[in-house]
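Descriptive structure summary
Read off the chains here:
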Amino acid sequence: MNARASSGSGHRSRRTVDEDQQARRPQSASTSHPVAQMAAEAGGDRGNPRRELVEKQIMEQATRLFAERGFASTTLQDIADASGLTRPALYHYVANKDELLSRLVSESTQTPADLLRRINERTALTPTQKLREMAQTIALRQAQSPDRFRLLIRSEAELPDPISIPYQQSRRYVLKEFIHTIEDGIRTGEMRPVDPRTSALGIIGMLNWIAWWHLPGNADDDQALADHLADMAVRSLTKQDPDSLTPVGPARAMALLRQDLDYLERLLDGTSQRPRDHNSGGTGVPHASRSRRT
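Now for a look at the structure at hand. What you are looking at is a predicted structure, and each value in this text was computed from that prediction instead of being measured.

**Describing helix α7 (residues 127-144)**
- Its 18 residues place the ends of α7 26 Å apart at the C-alpha level, agreeing with the 26 Å of an ideal helix rising 1.5 Å per residue.
- Those residues of α7 that sit buried are P127, T128, K130, L131, M134, A135, T137, I138, A139, Q142 and A143.
- Buried residues along α7 sit against α6 (97-120), α8 (146-155), α9 (161-188), α10 (196-208), α11 (210-213) and α12 (219-235).

**Things to note about the side chain of T63**
- Along the chain, T63 turns up in helix α3 (residues 49-69).
- On the basis of relative accessibility, which here comes to 3%, the residue T63 falls in the buried class.
- In contact with T63, other than residues within four places in its own chain, are L104, D147, R148 and L151.

**Comments concerning the packing of aromatic side chains**
- What the rule picks out here adds up to two aromatic pairs.
- Each ring, one from W209 and one from W212, has its centre 6.3 Å from the other, and the planes form 45 degrees; the classification is tilted.
- On the accessibility criterion, W209 (54% relative accessible area) is exposed.
- Under the relative-accessibility criterion, W212 is labelled partly exposed at 34%.
- The ring of F71 carries K97 above its face, with NZ or CZ at 4.6 Å from the centroid.

**Points about the packing of α9 against α10**
- In contact at an axis separation of 9 Å, α9 and α10 are set at 125 degrees when each is read in the N-to-C sense. When the interaxial angle is binned, α9 and α10 end up oblique. Considering how the two elements wind past one another, α9 and α10 form a crossing that is right-handed. For the pair formed by α9 and α10, the contact residues are V174, L175, F178, I179, I182, E183 and I186 on the first element and P196, R197, S199, A200, L201, I203, I204 and L207 on the second.
- Taken together, the residues that form the contact of α9 with α10 break down as 12 nonpolar, one polar and two charged.

**Description of the environment of R64**
- When you line up the elements, R64 lands in helix α3.
- A relative accessible area of 33% means that R64 is categorised as partly exposed.
- Along the primary structure R64 and L151 are separated by 87 residues, whereas in three dimensions their C-alpha atoms are 8.2 Å apart.
- A polar contact is formed between the side chain of R64 and the side chain of Q61, at a distance of 2.8 Å.

**Comments concerning the nonpolar core**
- Membership of the largest hydrophobic core comes to 31 residues, with the highest contact counts inside it found for L116, L131, F178, I182, I203, L207 and L237.
- For this core, the secondary-structure elements that each account for two or more residues are α6, α7, α9, α10 and α12.
- Aside from chain neighbours lying at most four places away, what touches I182 is M191, V194, P196, S199, A200 and L237.
- Residues I58, L85, Y93 and L100 belong to the second largest nonpolar core, which totals 23 residues.

**Examining α9**
- Over its 28 residues, α9 extends 41 Å from the first C-alpha to the last, a length consistent with the 40 Å expected when each residue adds 1.5 Å.
- Taken from the residues just after α9, G189 is the one with a positive phi, measuring 85 degrees.

**Section: the environment of S164**
- With respect to the helices and strands, the residue S164 is situated in helix α9.
- Residue classification places S164 among the buried positions, given a relative accessible area of 14%.
- Placed 59 residues apart in sequence, S164 and V105 show a C-alpha to C-alpha distance of 8.7 Å.

**Quick word on the pattern of salt bridges**
- For the coordinates displayed, the defined rule picks out 11 salt bridges.
- Between R51 and E55 there is a salt bridge, and its shortest N-O distance comes to 3.1 Å. Placement of the pair is R51 and E55 together in helix α3, with a separation of four residues, close to one helical turn. For the residue pair R51 and E55, the accessibility class agrees, reading buried in each case.

Definitions and cut-offs
- Residues numbered from 1 in each chain as written.
- Predicted model: local features only at pLDDT ≥ 70, side-chain atom pairs only at ≥ 80, totals over all residues.
- Heavy atoms only, no water.
- Helix = DSSP H or I, 4+ residues; strand = E, 2+ residues; numbered from the N terminus.
- Expected span 1.5 Å × (residues − 1).
- Buried < 20%, exposed > 50% of the residue type's maximum accessible area, 1.4 Å probe, protein only.
- Contact = heavy atoms within 4.5 Å.
- Phe/Tyr/Trp six-rings, centres within 6.5 Å; stacked < 30°, edge-to-face > 60°.
- Lys NZ or Arg CZ within 6 Å of the ring centre and 35° of its normal.
- Axes fitted to C-alpha atoms, helices over the stretch in contact; angles between N-to-C directions.
- Parallel < 35°, antiparallel > 145°, perpendicular 65-115°, else oblique.
- Left-handed = near helix turned anticlockwise from the far one by under 90°.
- Nonpolar A, V, L, I, M, F, W, Y, C, P; charged D, E, K, R; others polar.
- Polar contact = N/O pair within 3.5 Å; in protein donor to acceptor, adjacent residues only side chain to side chain.
- Core = buried A, V, L, I, M, F, W, Y, C linked by side-chain atoms within 4.5 Å.
- Salt bridge = Lys/Arg side-chain N within 4 Å of Asp/Glu carboxyl O.

Structure, rendered in structure tokens:
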């Protein structure tokens, strides 16, 4: 009898322990978080729209955490918790933090460079039209995802070489695309004979600054902002119409003559053709403030 009671007690004890362990075990994210539910439904299909939504959520949370805590102080578990996923589920979408950071850098630098290159390849557009579309493209990306730009600015010095090298290259490509467009605009007579590199850096700097003062979240506001700044970029370079603030007369003629002489001097010096270091600060697009390096 004692043995039977002891046996029964042991059985109940084991069951109680099992129940306690189950109670303490974290609930499956798939039953408690909408992102995790989408993750479960998405499976491993990379073409699945639900998977794309989950990946977008992971990237947004990783960006926020990296910006708040720093890359080194953020763990994959932190990202999983913020995304509503278990850590094993997170591994279906990303292998490690370096992969996340690499994707963030690529989307913030290589993607804009590719977009600008495609705009420049459109032969039906004039240089002025190209410049407007390029400025709109960069402005809209900065308006929609300012956190990514700010994150990469703060993490620039900590980027590992496999990420830093393509990051630097993409920044140069962005600058070169703007420079080429401005040079074409000068050659066709659409734009004033300005220094192409200085002008490109000035426009890029203006577009970069969006990330520090614009509040995203309203698509109409984002687009209106991009259109407005693109118009400013174009007006800063295109030739003024006859209704210039400078009255018609000797003063205006002298001002135009100085512009032409400055342009001629640069051509004679070979500065437009001389290979130049297109390095400058920034992520998706370079900082104008680094132009003093040249």
